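Reading the structure
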Amino acid sequence: MKYIPRRFDSQNFLPGSVTQGKASKKLFVTSSSDPAKTNDTGEGYAAGTTWVNTTSGQIFLCTDSTAENSVWRGQEGDDINYVQHSTGDTNYYFTGPGPASGMTGTGSVIKVQFSNDADSDTGYDMGFPGGSAGSYDGVGHGSTTHMFQSGGNIHPSPGLQDTVQKMTYASLADSADHGELSATIRAHSGLSSTTEGFCVGGQPGWADKIDRFSFATPFSTTADVGEMNEIVHSMAGISGTIQGKGWLCGGHEDNTMVNTIQTLSFDAGENNTADWGELSATSGNNIGHNDQTYGWVERASTGPGNQTNQTNNRDYFSLASAGNGSDSGEAVTTTYDRSQPGGMSPTHGYSALGYNPGAGSDPVGLDAIEKFAYASPYNGSDVGEAPAHGYAGMGASD
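Notes on the structure in this doc start here. (Residues numbered from 1 in each chain as written. Predicted model: local features only at pLDDT ≥ 70, side-chain atom pairs only at ≥ 80, totals over all residues. Heavy atoms only, no water.)

Remarks on the layout of surface pockets
Here the second largest pocket defines a volume of roughly 350 Å³. Along its surface, the second largest pocket is lined by 24 residues, and Asp-137, Arg-186, Asn-285, Tyr-336 and Asp-337 are the ones closest to its centre. Of the residues contributing to the lining of the second largest pocket, the split by class is eight nonpolar, 12 polar and four charged. (1 Å grid on protein atoms, 1.4 Å probe; cavity = no way out; pocket = protein on both sides within 12 Å on 5 of 7 lines; lining within 4 Å. Points joined across faces, edges and corners; volume = space filled by probe spheres on them. Nonpolar A, V, L, I, M, F, W, Y, C, P; charged D, E, K, R; others polar.)

Given below as structure tokens:
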């Protein structure tokens with residue numbers, strides 16, 4: 001074909017076939033800009049439609065014309081409407097069953113709706129075999145269909161866990177066993193690619209372990225697939241599916257806080273961490289958020305004795321190229337051990353619960369829920385109170 005026709009004449013169609021207008025729109029379209037996910041079936045597009053950007057010369061093919069969520073792929077096969085897999089459009093789910101007075105003591109899953117910030121107890125548990133006891137110091141992972149929790153510690157018994165649990169977003173129910181890690185673990189960092197979860201660092205005695213597991217298929221035992229550049233626990237984990245990387249920010253190296261930003265490739269056989277940059281200050285027990293281009297780290301503890309050395313500062317750094325973090329505002333609450341990772345809508349980051357010994361009648365667990373915008377000035381705002389107090393739980397966004 002020497003050129004792309006802007007219209008089709010009636011003689012080009014057999015009687016009873018599609019009309020000229022439908023064929024012209026469904027087969028080819030020219031525009032001075034790229035297509036967006038809102039260029040969908042409602043506008044007459046269908047899987048197979050070719051879109052030509054007359055300004056750049058780029059050609060796009062529609063592979064899914066679902067209303068308000070169409071998919072257009074460019075000449076190299078990339079999805080031009082692709083968003084970070086770690087963010088969601090609908091809800092943030094979290095738990096917070098730290099072993100303290102005034103808390104539920106279970107893995108009850110709480111939901112925050114991004115549309116109105118309303119929160120509610122789902123009535124379901126992210127539990128473990130042998131009971132519904134919640135695990136604290138585990139972390140969350142997320143696919144497009146399921147949330148996962150890896151590891152943690154059930155207080156007072158049976159103690160440290162090596163289990164990975166999963167729960168379906170579309171039809172919530174108590175969690176099911178998905179597999180086992182290569183060792184029992186707590187205070188690690190969780191990362192998520194589009195298809196796999198990664199567990200990095202942690203306590204006790206994990207040293208530089210990196211475990212990797214499939215979201216799609218239940219497994220028996222994961223394998224240690226890499227080593228950390230710097231052996232740290234209690235880091236903020238940030239997942240960039242667009243970039244094909246994860247970032248591990250701050251943390252504890254023995255009894256010393258660090259300001260290191262490490263990165264890890266999601267590619268198979270390439271799972272060792274490497275240096276990326278530094279946060280603006282040392283900190284541990286941090287919480288991570290990200291959009292398509294930046295990572296945000298809610299810095300929590302600033303020194304040994306976490307209960308008395310806390311901050312509410314937040315750093316941000318570029319996910320495009322190695323570099324250091326810069327201060328980007330403050331959270332409302334000064335605390336640490338919030339649900340990991342933080343909630344991520346397309347426009348805001350959410351933080352929930354936390355550990356604070358000065359919290360009045362409940363001296364440990366908080367019920368705070370707050371959010372901050374990915375646009376300046378980045379400071380947090382209070383959006384409500386969770387149905388229960390807690391800390392050190394998991395989080396995932398759908």
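Next comes the rest of the description.
What about the sheet that holds strand S29 (residues 380-390)?
Hydrogen bonds between backbone groups are what pair the strands of a sheet, and the pairing can be parallel or antiparallel. Here we have four strands laid out as an open sheet, ordered S26-S27-S28-S29, and antiparallel in their pairing. Each edge of the open sheet is held by one strand with a lone partner, namely strand S26 (343-344) and S29. Bridge count between strand S27 (residues 348-352) and strand S28 (residues 366-373): five bridges; the pairing is antiparallel. Along S28, the bridge assignment pairs His-348 with Ala-373. (Pairing = 2+ DSSP bridges. Helix = DSSP H or I, 4+ residues; strand = E, 2+ residues; numbered from the N terminus.)

Brief notes about the packing of aromatic side chains
Applying the stated criterion across every chain, the model contains 24 aromatic pairs. Measuring from ring centre to ring centre gives 5.6 Å for Tyr-93 and Tyr-169, while their planes differ by 25°; the resulting arrangement is stacked. Of this pair, Tyr-93 sits in strand S5 (residues 91-94) while Tyr-169 is found in the loop between strand S11 (159-168) and strand S12 (176-185), placing the two residues 76 residues apart along the sequence. Taking the relative accessible area as the measure of exposure, Tyr-169 reaches 8% and is therefore buried. Ring centres of Tyr-355 and Tyr-391 lie 4.7 Å apart, and the angle between their planes is 80°; this geometry places the pair in the edge-to-face category. In this pair, Tyr-355 sits in the loop between S27 and S28 while Tyr-391 sits in the loop between S29 and strand S30 (395-397), placing the two residues 36 residues apart along the sequence. Exposure class is identical for Tyr-355 and Tyr-391. Each is buried. Aromatic rings pair up to connect Tyr-294, Trp-296, Tyr-316, Phe-372, Tyr-374 and Tyr-378 into one cluster. Seen from the ring of Phe-372, Arg-314 lies directly overhead, with NZ or CZ sitting 3.8 Å from the centre. (Phe/Tyr/Trp six-rings, centres within 6.5 Å; stacked < 30°, edge-to-face > 60°. Buried < 20%, exposed > 50% of the residue type's maximum accessible area, 1.4 Å probe, protein only. Lys NZ or Arg CZ within 6 Å of the ring centre and 35° of its normal.)

Regarding unusual backbone geometry
It is generally the case that most residues other than glycine have a negative phi and that most peptide bonds are trans. Each neighbour pair has its own omega, and for Gln-340 with Pro-341 the value is -10°, a cis peptide bond. As for its position among the elements, Pro-341 is in the loop between strand S25 (326-330) and S26. The omega torsion across Ser-376 and Pro-377 is 20°, close enough to zero to call that bond cis. The topology assignment puts Pro-377 in the loop between S28 and S29. Despite not being glycine, Asp-117 shows a phi value in the positive range, around 65°.

Notes on the side chain of Ser-397
Secondary-structure assignment places Ser-397 in strand S30. Within the structure, the side chain of Ser-397 is placed 3.0 Å from the backbone nitrogen of Met-344, a separation counted as a polar contact. (Polar contact = N/O pair within 3.5 Å; in protein donor to acceptor, adjacent residues only side chain to side chain.)

Thoughts on the sheet that holds strand S13 (residues 189-192)
Judged by pairing direction, the sheet is antiparallel, and its four strands sit side by side in the order S13-S14-S15-S16 without closing on themselves. Both outer strands of the open sheet, S13 and strand S16 (223-226), are each paired with one neighbouring strand and no more. Each neighbouring strand pair of the sheet contributes to a mean axis angle of 35°, computed without reference to strand direction. In this sheet, S16 lies alongside strand S15 (residues 210-214) in antiparallel orientation, the contact comprising three bridges. If you follow Arg-212 over to S16, its bridge partner there is Ala-223. (Axes fitted to C-alpha atoms, helices over the stretch in contact; angles between N-to-C directions.)

Let's talk about the pairing of strand S14 (residues 196-200)
Counting buried residues along S14, five of its five residues qualify, which places the element largely inside the surrounding structure. Burial along S14 is two-sided: Glu-196, Phe-198 and Val-200 and Gly-197 and Cys-199, pointing in opposite directions, are all buried. Bridge count for S13 against S14 is four bridges, and the pairing is antiparallel. The residue bridging Ser-189 from the neighbouring strand is Val-200, located in S14. Connecting the antiparallel pair S13 and S14 is a turn made up of three residues. With five bridges joining them, S14 and S15 adopt antiparallel strand pairing. Bridge pairing in S15 links Gly-197 to Phe-213.

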